[in-house]
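Structural overview for review
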Amino acid sequence: MTEPADLNKDIATTSRRRFLREGGALLGGAVIAGGLAGSEASGASEIANNLPPNVPEWMKTPGDPMGAQPYGAPSPFEKGVIKNIPNNLSQYLSASGRTPLQDLDGIITPNGLFYERHHAGVPTIDPAQHRLMLHGLVDMPLIFTMDDIRRFPSQSRIYFLECSGNPGYKKPYGKTASDLVGLLSCAEWTGVSLKLVLREAGLQAGAKWVVAEGADAAALTRSIPIEKCLEDAMLVYSQNGERLRPQQGYPLRLLLPGFEGNMSVKWLRRLRVAAEPTYSREETSKYTDLMPDGSAREFTFYMEAKSIITRPSGGQRLSAPGFHEISGIAWSGHGKISRVDVSVDDGKSWRQAQLQEPVLTRALTRFRLPWHWDGQPAVIQSRATDETGYVQPTLVELLGVRGENYFYHNNAIWPWRIAADGEVTNANA
Amino acid sequence: MPMRELRIAGFAVFLLACAEPVQAQGPYGIGRAATPAEIAGWNIDIDRNGNGLPPGIGGVGRGREIFDQQCAVCHGAKGEGGIGDRLAGGQGTLATPKPVRTVGSYWPYAPTLFDYIRRAMPQNAPQTLSNDDVYAVSAYVLNLNGLLPSDATLNAKTLSAIKMPNRSMFVDDPRPDVKNTACMTGC
């Protein structure tokens, strides 16, 4: 397990040595002099030394040599942009980590910051030993290797993925956009249409559901309606151009665009075509929605239209009155976002935001609204409408129908309060 | 179903006669045939009616022994919860401000208990309990919820016959259930 890390260290060390031996000799004392200058200077003068009219120190010495990072990492100045992982959980095998939405631009989530939800830890799976079994109501039960799966015609699609409980309905509500809806990410997925794989085995009459099982220690199991499997479901092996990360189901996962995240079963090892759902623990006792009268909704698959302003958002501070672009993300499990409205006066009036192209079905859509902040306290919020005409509701409207015990599928509008000093906080908290 | 079993049996004989794995004959000719033995080894699904439950038998007493050794550290000595979910009690709380969702108060189908324990528990060593022991632990968890007497045993037939108290309380998804309007001025 430590072999790859050691190998990387060796490569980095070797490169640095080669640089010092070859390049360093050429440059004489310049390398050492540059390093000392940085450590000796005080913070203030160091900044002044790097600002006009002075020439910054990083222009006076060569940078890191090729090979210093065989797999690139973000700038050390971005080391604070990491997954938002709670530090007070009683256990971390069945847990989740959030995407830092307020620190990201555009619609694509970097793979290292993609949200995670596991039910029994992250397995380490050798793709050469991984198999997908397809059986049940099919003409020919089949077993596929990963090489087999990659032989099928491939497709790449951009879809969001969102955890069903993102966030809950009860206080305390989160402070940042990530705290609130960070169990949400978006990526370009590459794999094969599930429809092609099912046809390879031949669906039999009475095939109404497909039961998917993961190769994790939870053997997590969910039942998917056959209509979804034949519509846009994918078997995915790559994410944003590279093979899936272990946390995202390496080497193979299911992807069900617009459905609650746990149904896109990771580490996929088995698909059983059936006449009925399997009524697994996850789809009876866990991912069901408790109503105020004690009844519970089951098979609540879709994530409804939703949006949130990510800049400015909770935990940030507006530096001064004047121009500030309001920017955020919107998404719907039912299709494309048709419009996003933004209010800067606590919901009294709304303006239509600009949508960044491309606006894709079941993907994040970036919206923007130019805004001049007058320095007075304000409450800003966004409201998404999708192509079905559905309008994102308020938390009060949701609570009025579903009550506080519902837990999942909270797609409420989340307003941010901006204080006179520019501090941004959760207006619902 | 008899037709299908005949086909599977015939297929197994065919496989025994072949040294090489059988290639699939779908549109792309990708993959190989799965044998009945391979499917049997991997398919551990049990539906809500108990279809798929294996042979075996286990009682509340044996279940208590296993639970104390392998489950109580996370779920509490009496299933009251801890690092792991609470498993017992909570009946009558679902419509209150503090609902307690447990096997006894919430789970609609008893066979799901066997399915889940076998595939996922204990968390540090899933799929290691024998079928008899999974029946036993299932029996004890039901006993903790007042749904089985202390001298009871469970097998495929008796587990399938148990009616869970909350069984009738699950409904289909009626969403969209909340309607907002896109008010633009004077809201």
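Residues numbered from 1 in each chain as written. Chains lettered and ligands numbered in written order. Predicted model: local features only at pLDDT ≥ 70, side-chain atom pairs only at ≥ 80, totals over all residues.

1. A few points about the domain arrangement of chain A
Residue and element names in this part refer to chain A. Put simply, the rule is: Each domain span listed reflects an automatic or database assignment of domains. Whether two residues are in contact depends on their C-beta atoms, placed from the backbone: they are in contact if these lie within 7 Å. Residue type decides the class: Asp, Glu, Lys and Arg count as charged, Ala, Val, Leu, Ile, Met, Phe, Trp, Tyr, Cys and Pro as nonpolar, and the leftover types, Gly among them, as polar.
Domain annotation of chain A identifies domain 1 (3-73), domain 2 (95-297) and domain 3 (306-426). Using only C-alpha atoms to locate each centre, domain 2 and domain 3 end up separated by 27 Å. Each side of the interface is counted separately: domain 2 has 30 residues, and domain 3 has 29 residues. Among the residues forming the side of domain 2 that touches domain 3, the class breakdown is 18 nonpolar, nine polar and three charged.

2. Examining helix α3 (residues 60-75) of chain B
All names here are of chain B. Inclusion rule: Labels follow the DSSP assignment, with helices taken as runs of H or I lasting at least four residues and strands as runs of E lasting at least two, numbered in each case from the N terminus. The span you would expect from a helix comes to 1.5 Å times its residue count less one. Here the bend at a residue is taken as the angle between two axes, fitted respectively to the seven residues that end there and the seven that start there. In this scheme every C-beta is placed from the backbone, and a residue whose C-beta has 20 or more other C-beta atoms within 10 Å is buried, one with 12 or fewer is exposed, and one in between is partly exposed.
For α3, with 16 residues, the first-to-last C-alpha span of 17 Å runs short of the 22 Å given by 1.5 Å per residue. The largest bend in α3 comes to about 55 degrees, at aspartate 68. Within α3, burial applies to Val60, Gly63, Arg64, Ile66, Phe67, Cys71 and His75. Considering only its buried residues, α3 is in contact with β2 (58-59) and α5 (131-144). Within two residues after α3, glycine 76 carries a phi angle of roughly 85 degrees, on the positive side.

3. Looking at the environment of glutamine 248 of chain A
All names here are of chain A. Counting through the fold element by element, glutamine 248 comes out in the loop between β10 (242-243) and β11 (253-255). Remark: the alpha-carbon pair of glutamine 248 and valine 236, spanning 12 residues in sequence, is separated by 10.0 Å. Those residues within four positions of glutamine 248 in sequence are excluded, and the remaining contacts are Phe114, Gln239, Arg253 and Lys266.

4. Topic: the sheet that holds strand β15 (residues 306-311) of chain A
Residue and element names in this part refer to chain A. Formally: Paired strands are those between which DSSP finds at least two bridges.
Spatial ordering of the open sheet is given by β15-β16-β20-β19, a layout of four strands whose pairing is antiparallel. Looking along the sheet, the strands with just one partner apiece sit at the ends: β15 and β19 (354-355). For β15 and strand β16 (residues 322-331), the ladder comprises five bridges, and the chain directions are antiparallel. Paired with arginine 311 across the two strands is serine 327, which belongs to β16.

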